[in-house]
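# Structural features, examined
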Amino acid sequence: MSDENTREMLRGTRLFEKLDDAALQIVIGLVEVVEYQARQYLFHERGPREAVMIIASGQVAITHGIGQQPLTLAIVGPGAMLGERLLLGGDTHVASAQARMPVQVLQLSKAALERLAAEHLPIYHQLVLVAAETLSERLDYSRKRLEGRQPTLPSGRYRVEHDLLGERPVPDEAYYGIQTLRAVENFPISDTPISRYPFLIRALGYIKQAAALANFDLGLLDRDIADAISAAAQEVHEGRWDDQFVVDAIQGGAGTSTNMNANEVIANRALEMLGHPRGEYDIVHPLNHVNLSQSTNDVYPTAIKIALHLAIDQLLEAMRELRDAFAAKADEFADVVKMGRTQLQDAVPMTLGQEFSTYAVMLDEDMQRLREAALLIIEINMGATAIGTGLNAHPDYAPLVCQHLRALTGIDLITAPNLVEATQDTGVFVQVSGVLKRIATKLSKTASDLRLLSSGPRAGLHEINLPAVQPGSSIMPGKVNPVIPEVVNQVAFEVIGNDITVTMAAQAGQLQLNVMEPIIAYALFNSLTHLRNACHTFAVRCVRGITANREHLRRMVENSIGIVTALNPYIGYENSTAIAKEALETGRGVYELVLERGLLTQDELDEILKPENMTRPGFGTLDIPPLDERSGLG
């Protein structure tokens, strides 16, 4: 890198911007150019501070966490300053820096700084002063972040952006802009950024790419701008910029903050692709170009619908996994006889396999209902703009953008026949939520059944054993709890509550718009995500490891009064009632009482009480005459 390029880079960095030409030349004489390959670390958390760095090219991820999945604090690029705490006596790094791509940095080593302090103390003092100011701002940043009011780690370099309300400094490494920054400050509600729902970000990327392609087809965007927006939007739906989607999922404004977050990220990434600095919106503007022919009121509900399709696909896969786990257990337990129960009282015999097969069938039915619900969210209102009249959109835009969206997403989307209705009506979200509530309700019933069946081990039903996944008590040694079914129950309760939220939000729509769609999206995406995780966890950490207490189940059947129902066709209702009453009063078994009274022979009794004869339809197929055809009995 030439001295002139180095001078320009340093001059644009806050640490050096106040130095005069002579002082800057002295610093340039001490600077080294160092290159790092992709995935190489510039420095490690807790490692010694050895240099102050300015990124000349490439991108660097700042992460925190050793020996675990690190938390990404920020993605910084050209002009960002790293390691300046070395000037304030900081010995070790508090975070790590890893190159995301080939990176070139301008570096002032510890030795170079010591030489600067020894030979040019005023220059050194100026650098220390700026480093102290930067550190103060970062401490302020940390405080604001704890309050939910600041989205990203500042590098010390800012650009100034303006909007309707005035000007604001935006961290220069950020791809979002001033409206996103205001939204982060305005909505410190859930501490859940929209990036927590990657399908929503993917959907926004698809929509902005489809819009750019349609606007180019209609001659509304020049090729270079359309191509840059399309390429940037593609990176968004590929997940490259999820960390830049920082607004809270619960927000006022009918989703405007979410839409603007996408517009600003895509505009700034497009600018970068075209060789311009971020924030140079006269070249690519978030609204004039990225949001061309659109409104939040068609972008946001369309994004929710596309995201729901993607999330539903994942939930269906998890439900399929759980269904298969129950079906496998149904096969494994097909020969295990047990007592069925109604109203928690002994009823008639069945097999454990039949019991588990019902759980598989219930999931199959719910999967079908979910697929049917997904068919209702193919209708979108792109081209509606503000209220459905299509104001500011080309007459051919709506069908064209829908065509591009179908190609990009692979979803058979269609344009709503009445865009005014489609812009205000959120009934389809109520329908989807209702199906999720149905799934949750039945899943919770299944989880509760398993908790009952595994209760004990000595003082409960103890018919099955759930896999032990963790100790169950801090005071009772040896206790193991059904924690996986318990967490499934809790997810179900949340989903049922979310359905109330969706219902209330849907009915709160007024006139031509429902401004409550952010909470609808929040509730639906949480329901889908948590149900998916619950189904997977239920299958992997519980159902697959269930075992049956076969002998215990058999003894319970033999000792149960309920088996007298199977004998009723052969010994009559009156005899069956008398046997049941005596068994209940004396504690003796039905089997021995029937033999004692001579109502059936042992061979006949054994034949009737075979598992296959008690648990499957087939009355009248046994070669045993009913009571009134047999003399001397009863």
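Residues numbered from 1 in each chain as written. Predicted model: local features only at pLDDT ≥ 70, side-chain atom pairs only at ≥ 80, totals over all residues. Heavy atoms only, no water.

## Regarding the side chain of Gln59
Quick reminder of the rule: Each helix is a run of H or I in the DSSP string that is no shorter than four residues. Each strand is a run of E no shorter than two, and both are numbered from the N terminus. Residue burial is assigned from relative accessible area. The probe radius is 1.4 Å, only protein chains are included, and a residue is buried under 20% of its type maximum, exposed over 50%, and partly exposed in between. Identification of polar contacts relies on pairs of N or O atoms within 3.5 Å, with a donor-acceptor requirement for protein atoms, meaning one able to donate a hydrogen and the other able to accept it, and with residues adjacent in sequence counted only if both atoms are side-chain atoms. Should any heavy atoms of two residues lie within 4.5 Å, those residues are considered in contact.
Mapping Gln59 onto the fold places it in the loop between strand 3 (51–57) and strand 4 (60–64). With a relative accessible area of 7%, Gln59 lands in the buried category. Among the polar contacts made by the side chain of Gln59, one reaches the side chain of Tyr175 at a distance of 2.9 Å. Not counting chain neighbours up to four residues away, the residues in contact with Gln59 comprise Ile75, Val76, Gln98, Ala99, Arg100, Met101, Val103, Tyr175, Trp241 and Glu272.

## A closer look at the packing of aromatic side chains
We apply this condition: Centres within 6.5 Å are what make two rings of Phe, Tyr or Trp a pair, Trp counting through its six-membered ring; a difference in plane orientation under 30 degrees is then read as stacked, over 60 as edge-to-face, and the rest as tilted.
Applying the stated criterion across every chain yields a total of eight aromatic pairs. With a centroid separation of 5.6 Å and 35° between ring planes, the pair formed by Tyr197 and Phe525 is classed as tilted. In this pair, Tyr197 sits in the loop between helix 5 (178–186) and helix 6 (198–217) while Phe525 sits in helix 16 (residues 517–541), placing the two residues 328 residues apart along the sequence. Here Tyr197 and Phe525 have matching classes, each one buried.

## Section: the nonpolar core
Rules: Side-chain atoms within 4.5 Å are what join buried Ala, Val, Leu, Ile, Met, Phe, Trp, Tyr and Cys residues into a set we call a nonpolar core.
Counting residues in each nonpolar core, the largest one holds 122 residues, and the members touching the most others are Phe326, Phe356, Leu436, Leu450 and Phe538. Broken down by element, the residue count for this core peaks at 18 residues, all from helix 10 (residues 296–332). Formed by 27 residues, the second largest nonpolar core is a distinct cluster that contains Leu24, Ile28, Leu108 and Ile123.

## Brief notes about the pattern of salt bridges
Condition: One speaks of a salt bridge when a side-chain nitrogen belonging to Lys or Arg is within 4 Å of a carboxyl oxygen belonging to Asp or Glu.
The final tally for this structure, using the stated rule, is 29 salt bridges. The partner of Glu272 in a salt bridge is Arg269, with the nearest N and O atoms 2.5 Å apart. Of this pair, Glu272 and Arg269 both sit in helix 8 (residues 256–273), three residues apart, which is roughly one turn of that helix. Overall, Glu272 belongs to the partly exposed group, its relative accessible area being 25%. On the basis of relative accessibility, which here comes to 13%, the residue Arg269 falls in the buried class.

## Comments concerning empty space enclosed by the protein
Note the threshold: A 1.4 Å probe that fits into a set of points on a 1 Å grid over the protein atoms alone but cannot get out defines a cavity; an open set with protein on both sides within 12 Å along at least five of seven lines defines a pocket, and lining residues are those with an atom within 4 Å of a point. Grid points are joined across faces, edges and corners, and a volume is the space filled by probe spheres set on the points. Note that Gly is not counted as nonpolar here; it falls among the polar residues with everything else outside the nonpolar set of Ala, Val, Leu, Ile, Met, Phe, Trp, Tyr, Cys and Pro and the charged set of Asp, Glu, Lys and Arg.
Summed over the entire model, instances satisfying the criterion amount to four cavities of 30 Å³ or more. Looking at the largest cavity, the residues that line it are Pro301, Thr302, Lys305, Glu379, Ile380, Asn381, Ala422, Asp425, Thr426, Val428, Phe429 and Glu517. The set of elements that each furnish at least two residues to the lining of the largest cavity consists of helix 10, strand 13 (379–380) and helix 14 (427–453). At three residues, helix 10 tops the list of elements feeding residues into the lining of the largest cavity. A class-by-class count of the residues in the lining of the largest cavity yields five nonpolar, three polar and four charged.

## As for the pairing of strand 4
The following threshold applies: Two strands form a pair only when DSSP identifies at least two bridges running between them.
Within strand 4, four of the five residues are buried, leaving the element largely enclosed by the surrounding structure. Sheet topology places strand 4 next to strand 7 (residues 96–99); four bridges connect them, and they run antiparallel. Within the sheet, the bridge partner assigned to Val60 lies in strand 7 and is Ala99. Across five bridges, the pairing between strand 4 and strand 5 (residues 71–76) is antiparallel. Looking across to strand 5, one finds that Thr63 is bridged to Thr72.

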